[in-house]
Amino acid sequence: MKLVVVAALVAVIALLGSRISFTRIKLPLGLANLHLIGTEYVLVGLFLGSTFLNLLDTPTLEALFPILGLGLSWIGMLFGVQFELRRLTHIPVTVIAITLLQAIVTMTAVALPFYFLFESLFDYQTEIALIGALSLAAAASDTGQSGIALIARNVPTRARPTLRLLQNISHMDGLVGVIAFGLISCAGSLHNESPAYIWIGVSLGLGLAVGLLIAALTATRLNNEEMLLVVIGGVAFGGGLALYLNLSPLLVNLIAGVVVANVGRARARSGIREVLLTGERSIYILFLILVGAGWQIGSFWTVLFVLVYLVSRSLGKLLGGYFSVSMLPPESGFPRLLGMGLLSHGGIAIAIVVNLHQIHRSELTDLVISIVLIGMLASQLVSPMLTRRLLEGKP
Amino acid sequence: MRQIGVFLVLCFLMSWATSLPKGDALGAHITLVAGLLLLSGHVIGHLMAGFRLPRITGYLCVGLLMGPYILGFMTVETVEELGFLNELAVTFIALAAGGELRVAELRDRMRTIMVVIVSLTIVVSGTVTLTVVLAQFLLPFTASFSGIQVLSVAVLFGTLAVARSPSSAIAVINECKARGPFTEAALGVTVVMDVLVILMFAAAISFCENVMVPSGSLDFSFLGALGFEIILGITAGWIIGRGLAFYTDRVHANLSLLLLGTALLVTSLSHGLSDYLKDTHDLVLRLEPLLICVTAGFTVQNHSEQGEKFIGAVNAVSLPVYVLFFTLAGAGLNLNALQQTWGIALLLAAVRATAIFFAAYAGGRLSGDPPHFNRIAGMAYLTQAGVSLGLAMEVVRRFPEWGEAFVTVVVAVIAINQMVGPIAMRKALIKSGEAQVAA
């Protein structure tokens, strides 16, 4: 009974929260940014979890794992359906190049020190340490949209092109993280040492198959109830297959979503997007609460890891931005410290580390989650101020 | 053709994935099975509609196919693991059933409903009881029983035969978009009888307990407790209904999800409270989640102005709930039980169906319904599911030495009624002229 009562309590918080969260309220910029991404729900989860009230204890959390799985699958599909190639072709190649470059540089800047730290300080196998470090790097590469959105209204006209560039990057760079993590989830050590390329092929094949299935099912006119049924069914089936095989539901459903966005009928595409968006807020809050509840804050050493994470991620974003802008002609007018505007953290980062926790539960995974959560809180506090300074031209 | 192709691909993917080594992710299989059931239920439901059959027959077939006895994508344990979805669906459908009962419309049909209920109760329970007594030789577990003990078991069979399936009825009515006097009477009778059967069962099992213990004398003190439980259930349902009406009026947002949550909470709290009182105070108090939810839905529809919004919110999410509920019901159909007891099961199902046709016809005639309604009325009352199974499990709990054998027969009868009932009901609604689907 405890499971249901606690689940209902969490659901009520998520339902009511979805009405009041993710809105702009009058707070100092950093706190407003924390509110905008729903950070309070991580703290609610932490309060309900084993650290404090113990309402969401380990057995209860484990029983709610299918919800986490469904949430990951939902996020993956929602992310995927936004990538309609017809629309993407309107985005300049330079923007796509900058997005990729800064994300890859950030991943490298985070993965290297953490691989070294995980392997030298802990007794993990090389491949497991690499999986931990790369997962952290994949999470770090994602840029949140909230910090940029908060200050978008008051940006001077001359800085509008930079603002648009930051917005485009933050819309797209989560893709790099999700794909990177999807590839990490194919590592042999997570699949009884069988070759990774097989699992990469399986991930691609499953995403393609699920996407085509959904496109086929929505090719005929469906009413709203049927559309809801097909979307929930497709999300659960794709995510369930991925999780069953220890793969990333984020990646498999992202591919499925991309297929739907590009193969499905126009009416079906908008119907699917509508259903996915309707549940987005509640699922995201539910997700944050469960993440908070399972959060093992760890020892004092975690703080040091967080510091390393913040420094390496910031360095990666700054260097990535610098290299990208350096390659553009000077008349492009983008500031070389572009990375200052990319420090905000996105929700995809949490999804990535939760996905890691689903397919590989260990102390290292708990540490990775802790680093990302604390790192995210810190980034959210400072990133809007830094973005504003960048856009006002006084870095 | 596309539907069949999609279904085959789903089966192939499932079969292929489950042949590979399973990963560590907790809850992965449940998520996967839920997705499979939803998608294949949708596909086969569509296919059935093409053959002029109810979609829920398609959902049941999908469950049967995916379940432990045919393709084996779901084991008996998986079906049990997903039991919470079943309970959620039953109470959610009860909310919908209560919401569909409109006093203003029922008032005109009240006489028919009451007469048919009395007629069905007496004729069906009486005929099935008599059949079991006469066909005792087909029930080996009663071989050592005395005459009165056989009669008590027969009364239990007779009582369970009265139970219907509001969930199937509502699903078929919704699918056919049926509206009119015949539909109202069918729904009213089905919902009320599901509550009535709980009372009858309590009396029947008490009678059975008394005759199974040789020195026991008839004890009807349970009736007081039962009355209290009913009053408590109705009060709880009324309070929840008022709360839902208030929420619908003032907030309204995410109402569908709130209703799903309410259904889940009511089920869990009802069972939890019963267990708690039993464990801590040795007090037997069974709150019936179905009664609570029917009352809650009825309260919103008839004691507030939020009825239509409420029904709209129920309908918005009812399809996935129905698909999961009926596919799981299909997966839970015990083919082994049917194989072992098909003789007595077929006999009881046939006798029940005949008695229902006669009782519904007689009830309709007595209340002055048009002859074309009376001729088809029986077809609307064949469905049987959830409640009868739940009550039958109570027999196992109280009489472990022969309860399992009893349940095996009941399950087999339910399996037959579950497959035949929705098809018959759909035909009845179409023949009554109240369905908005093509014959």
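Each chain has its residues counted from 1, running along the sequence as written. Numbering of ligands from 1 and lettering of chains from A proceed in the order in which they are written. Reporting in this predicted model follows two pLDDT cut-offs: at least 70 for local features of residues, and 80 or more for side-chain atom pairs to be given and counted; totals over whole chains, interfaces and linings ignore these cut-offs and use all residues. Side-chain figures throughout are based on the complete set of non-hydrogen atoms in the structure, without hydrogens or water.

Student: Would you mind showing me how to read the overall build of chain B here?
Tutor: Numbering of helices and strands starts at the N terminus; helices are DSSP runs of H or I of at least 4 residues and strands are runs of E of at least 2. In terms of regular secondary structure, chain B is built from 17 helices and zero strands. Using C-alpha atoms as the atom set, the radius of gyration is obtained and then compared with a globule rule of 2.2 Å times the number of residues to the power 0.38. Its C-alpha radius of gyration of 21 Å places chain B within 12% of the 22 Å reference for a compact globule of 439 residues. Burial classification: accessible surface area is computed with a 1.4 Å probe over protein chains only, and a residue below 20% of its type maximum counts as buried, one above 50% as exposed, and the rest as partly exposed. Split into buried and exposed, the 439 residues of chain B put 59% on the buried side. Contacts were defined at the residue level, with two residues in contact if any of their heavy atoms lie within 4.5 Å. A sequence separation of at least 24 residues applies to 81% of the contacts in chain B between residues at least 6 apart. Note that accessible areas follow from Shrake-Rupley with a 1.4 Å probe, and for residues the cover is restricted to the protein chains shown. Of the roughly 17,500 Å² of accessible surface on chain B, a fraction of 66% belongs to carbon and sulfur atoms.

Student: Could you clarify how one ought to interpret the interface of chain B and chain A in this entry?
Tutor: A common way to report how large an interface is uses the accessible area buried once the components associate. Counting from both sides, the interface comprises 47 residues of chain B and, opposite them, 42 residues of chain A. Once two parts are put together, the accessible area they lose, assessed with a 1.4 Å probe and summed over both, is termed the buried area. For the pair chain B and chain A, the two sides together bury roughly 4,000 Å², of which 77% comes from carbon and sulfur. For the chain B face of the interface with chain A, the top three residues by lost area are Leu26, Thr31 and Leu39 of chain B, together amounting to 16%. Criterion for a salt bridge: a side-chain nitrogen of Lys or Arg within 4 Å of a carboxyl oxygen of Asp or Glu. On inspection of chain B and its partner chain A, the count reaches one salt bridge. Residue Glu226 of chain A pairs with Arg55 of chain B through a salt bridge whose shortest N-O separation is 3.0 Å.

Student: Please clarify how the packing of helix α5 (residues 83-100) of chain B against helix α11 (residues 255-281) of chain B should be interpreted in this entry.
Tutor: Packed helices, taken two at a time, are described by the angle their axes make and the gap between the axes. Residues and elements named next belong to chain B. Here an angle of 0 to 180 degrees is reported between the N-to-C directions of two axes, which are lines fitted to C-alpha atoms, with helices fitted over the stretch in contact. The geometry of α5 relative to α11 is characterised by a closest axis approach of 8 Å and an angle of 110° between their N-to-C directions. One finds that α5 runs roughly perpendicular with respect to α11. For the element pair α5 and α11, the recorded crossing hand is right-handed. Contact residues: Phe84, Glu87, Leu88, Thr91, Phe92 and Leu95 in α5; Leu259, Leu260, Ala263, Leu264, Thr267 and His271 in α11. Three classes are used, and their members are as follows: Ala, Val, Leu, Ile, Met, Phe, Trp, Tyr, Cys and Pro are nonpolar, Asp, Glu, Lys and Arg are charged, and the others, Gly among them, are polar. A per-class count over the contact of α5 with α11 returns eight nonpolar, three polar and one charged. In what follows, roughly perpendicular refers to angles from 65 to 115 degrees, roughly parallel to angles under 35, roughly antiparallel to angles over 145, and oblique to any angle outside these ranges. Handedness of a crossing is defined here by the sense of rotation of the near helix relative to the far one, left-handed for an anticlockwise turn of less than a right angle and right-handed for a clockwise turn.

Student: Even after reading the chapter, I still don't get a positive patch on the surface, so can you show me in this structure?
Tutor: What makes a patch is a set of residues exposed beyond 30% relative accessible area and free of salt bridges, joined within 9 Å when like-charged and within 5 Å when nonpolar (Val, Leu, Ile, Met, Phe, Trp, Tyr). When charges are counted, neither His nor the chain ends are considered; positive counts come from Lys and Arg and negative counts from Asp and Glu. Note that the charge is assigned to NZ on lysines, CZ on arginines, CG on aspartates and CD on glutamates. Taken together, the side chains of Arg221, Arg265 and Arg267 of chain A together with Arg2 of chain B make up a positively charged region of the molecular surface. Secondary-structure assignment places Arg2 of chain B in helix α1 (residues 2-19).

Student: How do you make sense of the side chain of Thr267 of chain B when you look at a structure like this?
Tutor: The residue Thr267 of chain B is located in helix α11 in this model. Once residues lying within four places of it in the same chain are set aside, the contact partners of Thr267 of chain B are Glu87, Thr91 and Pro289 of chain B.

Student: Honestly, empty space enclosed by the protein in this entry has me stumped. Any pointers?
Tutor: In this approach a probe as big as a water molecule rolls over the atoms, and the regions it shows empty are the leftover space. All names here are of chain B. Buried and open spaces are told apart on a 1 Å grid over the protein atoms alone, a cavity being a set of points where a 1.4 Å probe fits but cannot get out and a pocket being an open set with protein on both sides within 12 Å along at least five of seven lines. Residues with an atom within 4 Å of a point are the lining residues. Grid points are joined across faces, edges and corners, and a volume is the space filled by probe spheres set on the points. Following the criterion strictly, the structure yields six cavities of 30 Å³ or more and no others. When its volume is computed, the largest cavity comes out at roughly 160 Å³. Residue lining of the largest cavity: 17 residues in total, with Val90, Pro166, Ser167, Asp194 and Leu290 positioned closest to the centre. Every element with two or more residues in the lining of the largest cavity is listed here: α5, α8 (166-176), α9 (181-212), α12 (289-302) and α16 (386-398). Sort the elements by how many residues they give to the lining of the largest cavity and α5 lands first, with four residues. Of the residues contributing to the lining of the largest cavity, the split by class is twelve nonpolar, three polar and two charged.

Student: Looking at this structure, how should I read the nonpolar core?
Tutor: For soluble globular proteins, nonpolar side chains are generally found buried alongside one another. Phe114, Phe118 and Phe237 of chain A together with Phe157, Trp402 and Phe406 of chain B are the most contacted members of the largest nonpolar core, which totals 277 residues. Note that the domain bounds reflect an automated or database-derived domain assignment. Each of domain 1 (2-81) and domain 2 (86-432) of chain B contributes no fewer than three residues to this core. Apart from the residues within four sequence positions on either side, Phe157 of chain B is in contact with Val128, Val132, Leu139, Phe141, Leu348, Phe406, Val409 and Val410 of chain B. As used here, the term nonpolar core means buried Ala, Val, Leu, Ile, Met, Phe, Trp, Tyr and Cys residues forming a set that is joined through side-chain atoms within 4.5 Å.

Student: Would you take a moment to explain the packing of aromatic side chains for this structure?
Tutor: Geometry of an aromatic ring pair is reported as the spacing of the ring centres plus the angle between the planes. Residues and elements named next belong to chain B. The pairing test for Phe, Tyr and Trp rings, Trp by its six-membered ring, is centres within 6.5 Å, and the orientation test on the planes gives stacked under 30 degrees, edge-to-face over 60, and tilted for anything in between. Scanning all chains against the criterion turns up 15 aromatic pairs over all chains. Consider the rings of Phe141 and Trp402, whose centres lie 5.9 Å apart with planes at 5°: the pair is stacked. Residue Phe141 is located in the loop between α6 (103-134) and α7 (147-162), and its partner Trp402 is located in helix α17 (residues 400-432); the two are separated by 261 residues in the primary sequence. Each member of the pair, Phe141 together with Trp402, is buried.

Student: Please explain the domain arrangement of chain B as it appears in this structure.
Tutor: All names here are of chain B. Segmentation of chain B into domains returns domain 1 (2-81) and domain 2 (86-432). Taking the mean C-alpha position of each, domain 1 and domain 2 sit 27 Å from one another. When the two sides are added together, the surface that domain 1 and domain 2 hide from each other amounts to roughly 2,100 Å², 79% of it contributed by carbon and sulfur. Three residues stand out in domain 1 for area buried against domain 2, namely Ile56, Leu60 and Tyr69, and they jointly supply 32% of the buried area on that side. Taken together, domain 1 and domain 2 are joined by zero salt bridges. Side-chain atoms alone can form a polar contact between residues adjacent in sequence; in general such a contact is a pair of N or O atoms within 3.5 Å, and within protein one must be able to donate a hydrogen while the other accepts it. Our count for the contact surface shared by domain 1 and domain 2 stands at two residue pairs in polar contact (both at pLDDT 80 or more). Among the elements of the structure, α2 (28-50) and α3 (55-66) are those that each provide at least two residues to the side of domain 1 that touches domain 2.

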